[in-house]
Amino acid sequence: MKLYRAKDYNDMSRKAANIISAQIIMKPSCVLGLATGSSPIGTYKQLIEWYNKGDLDFSQVKTANLDEYKGLTRDNDQSYYYFMRENLFRHVNIDEANTNIPNGMEPDANKEAARYEEIIKSLGGVDLQLLGLGHNGHIGFNEPSDIFPKDTHIVDLQESTIEANKRFFASIDEVPRQAYTMGIGTIMRAKKILLIVSGAEKADILYDVICGPVTSKVPASILQLHPDVTIVADEAALSKL
Ligand code: GLP
C-alpha cells in the first residue's frame, strides 16, 4: 500500500484528482470505478476545474459506479445516479452511454447483479477504482459480515450505515434499507485502487484497515492483499497511525 498524507480535505481531494488525471492522461479510454458519498465530492470538483481549463478530456473515459440504493429512481435526488450526474457527469464531456451505475429500480436482484458484473467484464475490467470508507469499514456497500462477497449483489444495509446516511434524507424512514453493490471480489479485480479518507471520525477504522488483521468484519482490510493500492488520507484521519 502507498500512503499519501494530506493536510486536509481539500489537499486530499487535489492529490486524489491528480492520481485520477494521470490515469486519464496515460490511458484516455480508461475505465474508472467511481464512488459516491461526501469523500469524493472535492475530488470531482477538482477534476471539473481541470476539465474547464482544457487539461482533461473525458470523451473516451468509461465509468462503473460501485453501488446504488435499491428502490430509488434516477431522478430521486438521493440516488447515486443523480449524485454522479450532479457532481461530475453533467460538468464534463463524458458520454452518458459510457457511464454505468447499478439499476436500483430492477426488482430482480440476481438479474441486476449478473447484468452489472457482465458490464464490468465487457469493459475489460476497471483500471482505477476510487473508494471512500464507511465508518464501519465498508467499501461500496459491502458491510461487515462473515464472508467477503465475491460479485455484485444486493445487501441489507446495517443500522449504522442507515444512521450515517440519514443526513442526506428528509428523515431516517426515507433511507433505503437495501442497495446493489459491487462485491469485494469485483473491487479487488480492479487493476489499481485509490482509497480516500478524511476526518477524525474515520481515524479508528482507518487504523484497523491498514494495521489490523484482514477480516470480513472490516471489509476494507482486504485491500492489504491488493497489489496496487494508494491511500490518500488527511491528517485527522491518520491521527491514530
Ligand atoms: C456510502 C457509500 C460508500 C461510501 C461511504 C462513506 O455508504 N456507499 O461508497 O464510501 O458511504 O461515505 P462518506 O464519504 O460520505 O463518509
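Under an unreviewed UniProt entry, the name given to the chain is Glucosamine-6-phosphate deaminase, and the source organism is Lacrimispora celerecrescens. Per UniProt, the chain carries the Catalytic activity (unreviewed entry) text "alpha-D-glucosamine 6-phosphate + H2O = beta-D-fructose 6-phosphate + NH4(+)". Taken from UniProt, the Pathway (unreviewed entry) comment for the chain reads in full: "Amino-sugar metabolism; N-acetylneuraminate degradation; D-fructose 6-phosphate from N-acetylneuraminate: step 5/5."

## Considering the UniProt feature "active site" (unreviewed entry) in the chain
UniProt feature "active site" (unreviewed entry): in the numbering of this structure it lies at Asp 67, Asn 136, His 138 and Glu 143. Tracing the backbone shows Asn 136 in the loop between strand S6 (128-131) and strand S7 (153-156). Looking at Asn 136, the number of C-beta atoms within 10 Å reads 18, which means it is partly exposed. Leaving out residues up to four positions away in the same chain, Asn 136 has contacts with Glu 143, Pro 144, Gln 158, Ser 160, Thr 161 and Ile 205. Examined against the element boundaries, Glu 143 turns out to sit in the loop between S6 and S7. For Glu 143, a count of 22 C-beta atoms within 10 Å translates into the label buried.

## Observations regarding helix H2 (residues 41-52)
Helix length check: H2 (12 residues) gives 17 Å between terminal C-alpha atoms against 16 Å at 1.5 Å per residue, within 8%. Among the residues of H2, Gly 42, Thr 43, Tyr 44 and Leu 47 are the ones counted as buried. Residues of H2 that are buried make contact with helix H1 (9-26), helix H3 (80-87) and strand S9 (192-197). Positioned one or two residues after H2, Gly 54 has a phi angle of 90°, which is positive.

## Quick word on the UniProt feature "domain: Glucosamine/galactosamine-6-phosphate isomerase" (unreviewed entry) in the chain
In the numbering used here, UniProt assigns the "domain: Glucosamine/galactosamine-6-phosphate isomerase" (unreviewed entry) feature to residues 12-224. Secondary structure content for residues 12-224 is 33% helix and 15% strand, and the end C-alpha separation is 20 Å.

## So, the sheet that holds strand S4 (residues 67-69)
The sheet built from three strands is open, its strands ordered S4-S8-S7 with antiparallel pairing. Every interior strand has two partners, whereas the edge strands, S4 and S7, have only one. When strand polarity is set aside, the average angle formed by the axes of neighbouring strands in this sheet is 25°.

## Observations concerning the sheet that holds strand S1 (residues 2-6)
Strand order in the open sheet formed by seven strands is S1-S10-S9-S6-S2-S3-S5, and the pairing between neighbours is parallel. Unpaired on one side and paired on the other, S1 and strand S5 (99-100) mark the two borders of the sheet. The sheet contact formed by strand S3 (residues 62-65) and S5 spans two bridges and is parallel. Pairing of Ala 64 across the sheet is with Asn 100, part of S5.

## Observations concerning the environment of Asp 228
Tracing the backbone shows Asp 228 in the loop between helix H7 (203-211) and strand S10 (229-234). Excluding residues that lie within four positions of it along the chain, Asp 228 makes contacts with Lys 191, Lys 192 and Ile 193.

## A word on the pairing of S7
Burial of the side chains of S7 is restricted to one face: His 153 and Val 155 are buried, whereas none of Ile 154 and Asp 156 on the reverse face is. Inspection of the sheet shows S7 paired to strand S8 (residues 178-181) by four bridges, in the antiparallel sense. Along S8, the bridge assignment pairs His 153 with Thr 181.

## Side note on the site of the ligand
Around the ligand there are 14 residues in total, and Gly 37, Ser 38, Ser 39, Gly 132 and Gly 134 lie nearest to it. Counted by class, the shell around the ligand contains four nonpolar, nine polar and one charged residues.

## Here we look at the nonpolar core
In terms of nonpolar packing, the biggest core is built from 63 residues, with Leu 133, Leu 194, Leu 195, Leu 206 and Ala 233 touching the most fellow members. With residues near it in sequence (within four places) discarded, Leu 133 still touches Ile 139, Leu 195, Val 197, Lys 202, Ile 205, Leu 206, Val 209 and Ala 220.

## A short note on H7
Considered for burial, the residues of H7 that qualify are Ile 205, Leu 206, Val 209 and Ile 210. Projection of H7 onto a plane perpendicular to its axis shows the buried side chains occupying an angular sector of 130°, all on one side. If you follow the buried residues of H7, they end up packed against S9 and S10.

The rules we used
Residues numbered from 1 in each chain as written. Predicted model: local features only at pLDDT ≥ 70, side-chain atom pairs only at ≥ 80, totals over all residues. UniProt positions renumbered as here; feature names shortened; annotations may be inferred. Helix = DSSP H or I, 4+ residues; strand = E, 2+ residues; numbered from the N terminus. Buried ≥ 20, exposed ≤ 12 C-beta atoms within 10 Å, placed from the backbone. Contact = placed C-beta atoms within 7 Å. Expected span 1.5 Å × (residues − 1). Pairing = 2+ DSSP bridges. Axes fitted to C-alpha atoms, helices over the stretch in contact; angles between N-to-C directions. Near = placed C-beta within 6 Å. Nonpolar A, V, L, I, M, F, W, Y, C, P; charged D, E, K, R; others polar. Core = buried A, V, L, I, M, F, W, Y, C linked by C-beta atoms within 7 Å. Arc of directions from axis to C-beta.

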